[in-house]
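# Residue-level structural notes
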Amino acid sequence: MDAAPHPSNTPVASLALRDLWRYPWMRHALTLWVILAIASAVKCYVQPWEHSVYPNFYKATIRWWNDDSIYTLTGYQYTPTFAIANSPFAWCGISAGAALFNAASIAALVAAVFVLARDVLPGRWTLAGAALLLTLTFAGALRGVWASQSNALVIALVIFAASAILRQRWWTASFLLAAPVFVKLWPMALVMLVLACWPSKLWWRFPLACLALAAVPFLTRWPETVLFQHQQYWIALTHLQTIRSGGYRDAWTILEQFVEPSRRAYLLLQLGGALAVLGFCLWRRWRAPSPRHAMTAVLSAWIVWQLLLGPGSERMTYGIIAPLAGWAVVVSFQQGRGRLLSFTAWSFTSVLGTGAVERILAPYVGGVEAIQPIGVVLFAAWLLANELRGARQVEQPATETPPVEQPLPATRMAA
């Protein structure tokens, strides 16, 4: 009788979310997230207004229902639709609302990482691999979740959308793609890549999903009030484009270590990078060995462009690369190739680039602000090498004739 497979080797494709706590490997990884949820809840009750972005969400939601400008004296930079969506949390009060918002973000991200391994990432993922992926993602997303950032929610929605596309649930995918755009505008870059790669099913569904979400504010307030709020939103966005925060971490941060970058030249670099990413995604869409390979390449390439060349890439924004950087580490150690490159990329983007580590290293390391974007460059190098290697393996013709199976001797057949 064959021995039963070890629980850590159980494929995640055969499991549901509710089954994960039964397995030791996954239970250990989930425990880290549970501890984070409890600790952040305590922190929200003790210091609800400090070291957190959630008060901006809270004030904007309250002001929305009071017919006040949600962009005046709030620090809020997101859409009116997101302010309305935050209402169930805001109505619980600042402390309870912040705790519940963090818990919801953590739950969404944990579920998204599991879905990423089950539905999106190529290869056969076991419980042990998924548990390691959750642990590596924890390190990268910790700082943003602790500060009640919305980036965990954004990347979770993106991963759910990727899963829906691969499962050919086109309406679900359209709304899941539209939702993060109504949180932060910059996920529209991913939407454009996805529409270019899967155009026939999404080109008309996605605009309808956007219209549905854009109509939500009109269902709660008079049209003139909604239009005024959107006008304020546009002013807030244009103001953000005229300033450069000291917390930005992107390709500009790398360049300024050597020269004073030109805004016009940097704009050309952004556009050139966008075209290169589009070409890469189209190549993998049509030449990848499977749709999962293609979708993983699209997500990874978008994150590289978004963090290096996209608008508003701050330290906290780097939480969006945590699941894919963790994937690179797991795959590298499975394949026995690129281990140093992938682990360095994960370390730079997830651990060494945090504000606390920056302050420790600043007296001893010049240009410490560039650690995070350099980590993205290293991840991009690993990704390109991995995709080129996979393409060569797929396109390489067979050079050996497969052995002909010989019949067994009669004595062995009898035995």
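Computed from a prediction, not measured in an experiment: that's the story for all the values here.

What counts as what
- Residues numbered from 1 in each chain as written.
- Predicted model: local features only at pLDDT ≥ 70, side-chain atom pairs only at ≥ 80, totals over all residues.
- Heavy atoms only, no water.
- Helix = DSSP H or I, 4+ residues; strand = E, 2+ residues; numbered from the N terminus.
- Expected span 1.5 Å × (residues − 1).
- Buried < 20%, exposed > 50% of the residue type's maximum accessible area, 1.4 Å probe, protein only.
- Contact = heavy atoms within 4.5 Å.
- Arc of directions from axis to C-beta.
- Axes fitted to C-alpha atoms, helices over the stretch in contact; angles between N-to-C directions.
- Left-handed = near helix turned anticlockwise from the far one by under 90°.
- Nonpolar A, V, L, I, M, F, W, Y, C, P; charged D, E, K, R; others polar.
- 1 Å grid on protein atoms, 1.4 Å probe; cavity = no way out; pocket = protein on both sides within 12 Å on 5 of 7 lines; lining within 4 Å.
- Points joined across faces, edges and corners; volume = space filled by probe spheres on them.

## Points about helix α15 (residues 291-309)
- If you check α15, its first and last C-alpha atoms are 26 Å apart, about what 19 residues at 1.5 Å a residue would give, namely 27 Å.
- Burial of α15 is extensive: 16 of the 19 residues sit out of reach of the surface.

## Section: the environment of Gln306
- Of note, Gln306 is situated in helix α15.
- A C-alpha to C-alpha distance of 9.7 Å links Gln306 and Gln270, two positions 36 residues apart in sequence.
- Setting aside residues up to four positions removed in sequence, Gln306 forms contacts with Trp186, Ala189, Pro311, Ser313 and Ile320.

## Comments concerning helix α11 (residues 205-215)
- Residues Arg205, Phe206, Ala209, Cys210 and Leu213 constitute the buried set of α11. Down the axis of α11, the buried side of the element spans an arc of 135°, and every buried residue falls inside it.
- Taken together, the buried residues of α11 touch α3 (80-85), α8 (170-181), α9 (188-197) and α10 (199-202).

## Overview of the packing of α9 against α15
- Here α9 crosses α15 at 145°, and the two axes come no closer than 10 Å. Along this stretch, α9 crosses α15, giving a crossing that reads as right-handed. Here Ala189, Leu190, Leu193, Val194 and Cys197 of α9 lie close against α15, whose contacting residues are Val298, Leu299, Trp302, Trp305 and Gln306.
- The residue makeup of the contact of α9 with α15, split by class, is nine nonpolar, one polar and no charged.

## Re empty space enclosed by the protein
- This structure, assessed with the given rule, holds one cavity of 30 Å³ or more.
- Within this model, the largest cavity holds a volume of roughly 70 Å³.
- If you go around the largest cavity, the residues you meet are Leu109, Ala141, Gly144, Val145, Gln149, Asn151, Ala152, Ile155, Met316, Gly319 and Ile320.
- Taken together, the residues that form the lining of the largest cavity break down as seven nonpolar, four polar and no charged.

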